[in-house]
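Observations on chain architecture
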Amino acid sequence: MTTPPALLIAGHGTRDEGGADALRALVRLLGERHPEVPVAGGFFGVPASPLPLDDAIDGLVGKGANRLAVIPLLTAPTGPVPEALPQVLERADERHPGLGHVCGAELGPHPKLLDVLERRLDEALGSGARRPADRARTTVLLVGRGAADPYANAEVVRAARLLWEGRGFAGVETAFVSQAAPDVPAGLDRCRALAGAGGPARVVVLPYFLFAGGPVERLWMQAEGWAAAHPDTEVYAAQVIGPEAEVADVVMERYRAAVAGDPPHGGASCGCRAAAEDARPAHGAPRESASLAAGTGER
C-alpha cells in the first residue's frame, strides 16, 4: 500500500500562544478524523513564532514522510511578508534532500467557512438572531488583516459579498486592521451612514480570521473605542472562525485536490504560488488568480 503524502498545514505567522494552541487543536482534529494521513502544522511569515513551520516539517520527516502536501491556512493571500512560504519550503529541501512537496490552494471564502462565519454572527447576536426581522436591521462589518497588495484585500471584499448573499442581513461591509483602508472606525462610520439618518439598529464586527492574536485584539479595541463614542449604535463583537470541524473539512478537501493534481477551483488560487507572489513588492504585476468582487452588500 502506498503511503499518502503527509499533510503540512502552513498558517500565516503569529506570536500569539492562543493562536498556536488553536492550530494544535486543528492538527489534533485532523489526526483523529484521518489517522491514515500524517499531519503537522506551523506558522510562517514572522520570526519568533511559538510554532515554527520548520519544526513541523522536520517532525514529519522524522516520522518517515518523504512527500508533503502543503495547505496554506489562509482565508486570503497575505500580501508581502518578511519570509514567504516558498522560502520555508526551499530551506526544507536543503535540510532534507529528496523531500518532495505539492502545494494546495488557500482556504478562501469556502462555503463551509461562510457557514461558520454565519454561526459566529448568530452567537454574537444571541437569541432571535435567525428571525428575518432581526437580520434585516443588522449590518455586518467583516474585518480582514489588511495588506499592501490590493489584490489580497479584494479577496476580503469577495468574502463579504458571498456572506451577504441570501442571508438577510442589511449589508456586509469591509474594513482592515492595518495597511489598507477603511480601518475599523471608518468601516463602522460607513455602516452607520448607510443605515440612514436614524443610524443602524445594530452592527456586528466580524473578524475574518481563523485564529485569535494581536491583530484581532486591536480590532476589538478599535471597535470598543468607536462604540463608546457612538452610544446611539449597538455594536456587537463576534469571535474568530477557530479550529472548527468545517475548517478541517476544507483543509482535507484542499489536500485531496493537491494530491490528485486537480487545479484550484471556485476562485481559489494555488496557495504556494500566491505566497511566492506575495513576497514580491506590492506594486508588481497583479496575480492572474486574484478575484475582484462587484460589491460588498446592499446599498
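Structural notes, computed from the coordinates.

On a regular strand, one side chain projects to one face of the sheet and the next to the other, so that they alternate. The element strand 3 (residues 67-73) is extensively covered by neighbouring structure, given that 6 of its 7 residues are classed as buried. The pairing of strand 1 (residues 6-12) with strand 3 spans 6 bridges and is parallel. Within the sheet, the bridge partner assigned to L7 lies in strand 3 and is A69. One ladder, built from 4 bridges, connects strand 3 with strand 4 (residues 100-103); its direction is parallel. Each bridged residue has a counterpart across the sheet, and for L68 the counterpart in strand 4 is H101.

A few words now on helix 9 (residues 245-260). Taking 1.5 Å of rise per residue, 16 residues should cover 22 Å, and helix 9 covers 23 Å from first to last C-alpha, within 8% of that figure. Within helix 9, the full set of buried residues consists of E246, V247, A248, V250, V251, M252, R254, Y255, A257 and A258. Those residues of helix 9 hidden inside the fold are in contact with strand 1, helix 1 (17-33), strand 3, strand 4 and helix 4 (111-125). Directly beyond the C-terminal end of helix 9, a positive phi value near 80° is found at G261.

In this section: the sheet that holds strand 5 (residues 138-144). In space, the 4 strands of this open sheet follow the order 6-5-7-8, with parallel pairing throughout. The open sheet has two edge strands with one neighbour each: strand 6 (171-176) and strand 8 (234-237). Between one strand and the next, the sheet's axes are offset by a mean angle of 25°, whatever the strand orientation. Bridge count between strand 5 and strand 7 (residues 202-207): 6 bridges; the pairing is parallel. Bridging from a neighbouring strand, T139 pairs with V203 of strand 7. Sitting on the sheet, helix 8 (residues 214-229) touches strand 5, strand 7 and strand 8, and the angle it makes with strand 7 is about 165°.

Definitions and cut-offs
Residues numbered from 1 in each chain as written. Predicted model: local features only at pLDDT ≥ 70, side-chain atom pairs only at ≥ 80, totals over all residues. Heavy atoms only, no water. Buried < 20%, exposed > 50% of the residue type's maximum accessible area, 1.4 Å probe, protein only. Helix = DSSP H or I, 4+ residues; strand = E, 2+ residues; numbered from the N terminus. Pairing = 2+ DSSP bridges. Expected span 1.5 Å × (residues − 1). Contact = heavy atoms within 4.5 Å. Axes fitted to C-alpha atoms, helices over the stretch in contact; angles between N-to-C directions.

Everything listed here is a matter of geometry and, on its own, says nothing about what the molecule does.
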